[in-house]
Amino acid sequence: YAEHKISLKKDWTPCPWEDPEVWFRGILDLKVLGDGSASVYDWKTGKIYPDHDDQKSIYSIGIFSEEPTVQRVRAIHVYVDLGKQREKVFDRSEMHSMRKHWEIRASFLERTAPEDMIPNPGMHCRWCPYSAQKGGPCRF
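Note that the coordinates shown come from a computational prediction; the quantities given were computed from them, not determined experimentally.

Concerning the pattern of salt bridges
Consideration 1: This structure, assessed with the given rule, holds nine salt bridges.
Consideration 2: Between Asp 53 and Arg 86 there is a salt bridge; the shortest N-O distance is 4.0 Å. In this pair, Asp 53 sits in helix H1 (residues 51-66) while Arg 86 sits in strand S5 (residues 84-91), placing the two residues 33 residues apart along the sequence.
Consideration 3: According to the relative accessible area criterion, Asp 53 is partly exposed, its value standing at 29%.

Here's the deal with the packing of aromatic side chains
Consideration 1: By the definition in use, this model includes two aromatic pairs.
Consideration 2: With a centroid separation of 5.1 Å and 85° between ring planes, the pair formed by Trp 12 and Trp 23 is classed as edge-to-face. Separated by 11 residues along the polypeptide, Trp 12 in the loop between strand S1 (2-9) and strand S2 (22-33) and Trp 23 in strand S2 bring together distant segments of the chain.
Consideration 3: For Trp 23, a relative accessible area of 26% translates into the label partly exposed.
Consideration 4: Judged by centre distance (5.8 Å) and plane angle (20°), the rings of Tyr 41 and Trp 43 are stacked.

A closer look at the nonpolar core
Consideration 1: Judged by nonpolar contacts, the single largest core of 19 residues is most densely connected at Val 40, Ile 63 and Val 73.
Consideration 2: Elements supplying a minimum of two residues to this core: S1, S2, strand S3 (37-44), H1, strand S4 (72-79) and helix H2 (95-111).
Consideration 3: No other element matches H1, which puts five residues into this core.
Consideration 4: Beyond its immediate chain neighbours, meaning those up to four positions away, Ile 63 contacts Ile 6, Leu 28, Lys 31, Ala 38, Val 40, Val 70 and Val 73.

Structural notes on the sheet that holds S4
Consideration 1: Reading across from one edge, S1-S2-S3-S4-S5 is the order of the five strands in this open sheet, with mixed pairing throughout. Taken across any chain shown, the strands that pair with only one partner, and hence form the sheet edges, are S1 and S5. Here the average twist between neighbouring strands, direction ignored, is 35°.
Consideration 2: Along the sheet, H1 contacts S1, S2, S3, S4 and S5; its crossing angle with S4, the most-contacted strand, is approximately 145°.
Consideration 3: Contacting S2 and S5, H2 crosses the sheet at an angle of about 140° to S2.

Things to note about H1
Consideration 1: Look at H1: 23 Å from first C-alpha to last across 16 residues, which is about the 22 Å you get at 1.5 Å a residue.
Consideration 2: Within H1, 12 of the 16 residues are buried, which leaves it mostly tucked inside the rest of the structure.
Consideration 3: Of all the positions in H1, only His 52, Gln 55, Lys 56, Ser 57, Ile 58, Tyr 59, Ser 60, Ile 61, Gly 62, Ile 63, Phe 64 and Ser 65 are classed as buried.
Consideration 4: Of the surrounding elements, those touching the buried residues of H1 are S1, S2, S3, S4, S5 and H2.

Calculation criteria
- Residues numbered from 1 in each chain as written.
- Predicted model: local features only at pLDDT ≥ 70, side-chain atom pairs only at ≥ 80, totals over all residues.
- Heavy atoms only, no water.
- Salt bridge = Lys/Arg side-chain N within 4 Å of Asp/Glu carboxyl O.
- Helix = DSSP H or I, 4+ residues; strand = E, 2+ residues; numbered from the N terminus.
- Buried < 20%, exposed > 50% of the residue type's maximum accessible area, 1.4 Å probe, protein only.
- Phe/Tyr/Trp six-rings, centres within 6.5 Å; stacked < 30°, edge-to-face > 60°.
- Core = buried A, V, L, I, M, F, W, Y, C linked by side-chain atoms within 4.5 Å.
- Contact = heavy atoms within 4.5 Å.
- Pairing = 2+ DSSP bridges.
- Axes fitted to C-alpha atoms, helices over the stretch in contact; angles between N-to-C directions.
- Expected span 1.5 Å × (residues − 1).

Keep in mind these values describe shape, not function.
As structure tokens, this is what we get:
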């Protein structure tokens with residue numbers, strides 16, 4: 001599944017992309033399903049950043065949420081410019097602790113007033129559903 005959209009409610013159940021209760025949205029470059037397993041690929045240009053591992057984690061949760069028969073997810077970043085690849089494997093038995101980790105991180109954002117979160121506009125705004133370009137409320 002190329003350019004596969006994942007959207008989840010706060011209880012980690014899948015929902016339509018436009019659902020008013022959506023809590024997380026992500027677009028996987030490629031999702032490949034196997035027999036009891038899945039692989040998610042993301043192609044990157046530029047440097048390797050630590051937050052790419054966060055992306056692997058949250059995308060894996062999304063796959064586990066969408067695909068109840070998947071027991072293991074291989075999350076792979078392919079760094080085109082560097083000719084490198086980094087992979088991490090997640091097991092369904094880890095899903096509870098992975099979800100808890102993200103719930104703790106998200107709780108900070110939920111407690112923070114929107115006016116305290118000043119965005120850093122840039123070229124990535126074109127992907128943001130809140131951007132003014134896409135009819136969103138962002139004023140930056």
